[in-house]
Amino acid sequence: MTEKNNVTLSVEGMTCASCVGRVEKTLTAVPGVLTAEVNLANETARVSFAAPANLPGLMDTLSEAGYPASTNEVTLEVENMTCASCVGRVERKLMASTGVIDAQVNLATETATVRYAIGATTPADLARISTELGYPAKVKAGEDRDKQDRKAAETAHLGRLTLIAAVLALPVFLIEMGGHVVPAIHMWIENSFGLQNSRILQFVLTTVVLFGPGLRFYTKGFPQLLKGAPDMNSLVALGTSAAYVFSLVSTFTPGLLPPGTDNVYYEAAAVIVVLILLGRFLEARAKGRTGDAIRKLVGLQAKAARVERDGEVVELPIEDIVVGDLIHVRPGEKIAVDGTVSSGRSYVDESMITGEPVPVEKSTGSEIVGATVNGTGALTFRATKVGSDTMLAQIIKMVEEAQGAKLPIQGLVDRITSWFVPAVMVIATLTVLAWLFFGPDPALSFALIAGVAVLIIACPCAMGLATPTSIMVGTGRAAEMGVLFRKGDALQMLQETRVVALDKTGTLTQGRPELTDLIVADGFDGDEVLRLVAAIEAQSEHPIAEAITRAAAQKGLKGAVVEAFTSITGYGVEATVEGHRILVGADRLMKREGIDLRALAQTGEALGRKGRTPLYAAIDGQIAATIAVTDPIKATTPAAIAAFHDLGLSVAMITGDNQGTANAIAAELGIDIVVAEVLPEGKVAALEDLRTRGKLAFVGDGINDAPALATADVGIAIGTGTDVAIEAADVVLMSGELTGVVNAFDISTRTMRNIRQNLFWAFAYNTLLIPVAAGVLYPAFGLLLSPVLAAGAMALSSVFVLTNALRLRWVKPVLFEKAPVPMQGDNTLNPALAE
């Protein structure tokens, strides 16, 4: 079977939605390419391919199409190479790595020079590949220049070009437009240095603008036009060239034109270039901010750590940390990589990973995550995951993949933009012809103005940016709140969901039994009863027994010596503790032993109706207490259920519990639909039944939830779940609370609303202004849109879309995780039951 490859390339030269469609068609036409998804906002192409397609071939294809893939060269310092065999081994390994175009290893200088496709791999990944092969490598100082540096340099370059063009175009604009607006300026120009000389000055300055800062439009636009695949650059190049060439003829050979039409439009050509460059500059700055979430995540990484090596603690960069290293963390320091605590006790702020503000206690055996912040205690931990395997690296990878995704709604945009630019050129041609045949004198001048205005105002930049910018900002903000969209289309599907189905154990509940109630009979002390019962239950490994012993330990109760322990199958246990004969078990054990339950019988029944498991304890033949154990509802669950209802969702619970217990829990939480007594393998069938009510989201955490997560329209795995569940999910929550699900629905709704706003603006802008530019208002109002104003409006449309998308950066979580409430084991916990 042919191996499938996935690569993400950084593509240069894309400026509008038409470019996106063209790059996709070019890539999908390559034999062996399975899929190609191109994103204008982050200027990437995600390609899935198999033989005969290969990376060099894809890059050549992109270059031939006029949209080259960005490449970079990095030098690695490689250790432990001793012979030509080592050189060959390192070279072959690097060449076989995804994204590498060429690799040359030098034994004498102990370096490897690697040329790679930007976006497909990183210098850090290349260094790690060599290190894992047994030849430790690190990026040579100053060699690693990442995408953000390049984008910043590109933005600065655009800013310089815009400034130069504006300085040169300003005199042209003032001379020509000033003469039209203020007759005195026109007379002064004519009397001082003459109209012809002023036109020659405008010609010189405009020529410098067009073939200096504006040259990029012609070197890209005309080749695409000649290939029969015009893009935005083609429209700008055609429009400004028409104004420039007409002005040249008017300046140097006016006799070739009809009388009265020898006007110059240098200011239109020059100012259009300035405004388009300004729009590109503002776009680049705004695009830079759409990637803030990724930069923040990358910035969370610690730069170095204190590592124990050969009995000494030394400070090393995190790139040099390997699995198994023992790392020392002082109070207030960032944790460098993922690991397991070996010694120490502290609270760790994990809000940058989970989005939840409550610090988490860590002690020996606890799992800790890189980039989180240690509190006031000191910790020592063993590194378990480093480099690209850490949770933060996986989060960054998920976010990048989600940001590059193409939503179903984008299909409409693609279909329209595939023919949009050619259609605009046809409209511009018809506009010119209409003015020439039916327009008033000077018809040629009117035709030129209208035709250029149509070409300039119709550039589909805003259309191409409308969807991907919102996705980038929305998924990035979601990641900051602990919600990771593994699959981009889940962003749209979640907003269309009508039913949210919740697995009970571990999702609605804590996932392990806890002692919730201890109701003692008259004459008995609650703590003393719990101490004696816990001593017996400590002999058992049953989850209910563990819940009772855990509750006693939390209260700091002293242990007791157990004698003559006996397990009574199906009933409970019996033992002698400190001279007392104690029975613990179900009500049938008490009846068998002839113990009168008295008022506690009603208490136990009431607890059972609330979905809890009641047990009874008798001491020396007297009923002493009712003990209730249950898998407790998470503190945040009720608020989350209420929020689902506020969002207009129906809430279903799927559980293996009996119908009575399930109904009790559902009534307590306000759940709409109960599907009880479901075996693990029956969850998929249960979801199929629920799907008849509308699009369905399923929330789960266990291995047995993986098929259901994959079956649902949107599978949501909570962060306490297994790797299997997370791999099957469309959305992953870093927190184990349902609050994250609510936040996921909210960010989905807000992002899709933002996308629709952008698309409405982009389509409405072109639909309304193309006829205006063509001159539809001239017969009634005498209004004709200036090409200069058309260029300004076009630039502003893109900036508006980007600015609107950036509003998503300030979305606040709907719900936060709350600190857990400590369990209390006395009658005050349930006064109604105590009565």
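Residues numbered from 1 in each chain as written. Predicted model: local features only at pLDDT ≥ 70, side-chain atom pairs only at ≥ 80, totals over all residues. Heavy atoms only, no water.

Turning next to the side chain of S130. Here S130 lies in helix α4 (residues 123–133). Setting aside chain neighbours within four positions, we find S130 in contact with V78, V90, Y135, P136 and A137. (Helix = DSSP H or I, 4+ residues; strand = E, 2+ residues; numbered from the N terminus. Contact = heavy atoms within 4.5 Å.)

Turning our eyes to something else, we now look at α4. Three or more residues of α4 are buried, namely P123, L126, A127, I129 and S130. What you see down the axis of α4 is that its buried residues fit within an arc of 155°, all on one side. For α4, the secondary structure elements touched by its buried residues are β4 (71–78), α3 (84–95), β5 (100–106), β6 (111–117) and β7 (137–139). Looking one or two residues beyond α4, the residue adopting positive phi is G134, at roughly 110°. (Buried < 20%, exposed > 50% of the residue type's maximum accessible area, 1.4 Å probe, protein only. Arc of directions from axis to C-beta.)

Turning our eyes to something else, we now look at the UniProt feature "transmembrane region" (unreviewed entry) in the protein chain. The UniProt record annotates "transmembrane region" (unreviewed entry) at residues 161–188, 200–219, 231–252, 264–282, 416–438, 444–467, 759–778 and 784–806. Summarising residues 200–219: 85% helix, 0% strand, and an end-to-end C-alpha distance of 25 Å. End C-alpha to end C-alpha, residues 784–806 measures 34 Å, and it is 87% helix and 0% strand. (UniProt positions renumbered as here; feature names shortened; annotations may be inferred.)

This brings us to the sheet that holds strand β20 (residues 562–568). Spatially, β19-β24-β23-β22-β21-β20 is the arrangement adopted by the six strands of the open sheet, whose pairing is antiparallel. Two strands bound the open sheet, and with one partner strand each, they are β19 (514–520) and β20. Averaged over all pairs of adjacent strands, the angle between their axes in this sheet comes to 20°, without regard to strand direction. Sheet analysis places strand β21 (residues 572–577) next to strand β22 (residues 580–585), joined by six bridges and oriented antiparallel. Bridging from a neighbouring strand, V577 pairs with H580 of β22. Along the sheet, helix α19 (residues 526–537) contacts β19, β20, β21, β22, β23 (613–619) and β24 (622–630); its crossing angle with β21, the most-contacted strand, is approximately 110°. Lying over the sheet, helix α22 (residues 600–609) contacts β19, β23 and β24, oriented at roughly 5° with respect to β24. (Pairing = 2+ DSSP bridges. Axes fitted to C-alpha atoms, helices over the stretch in contact; angles between N-to-C directions.)

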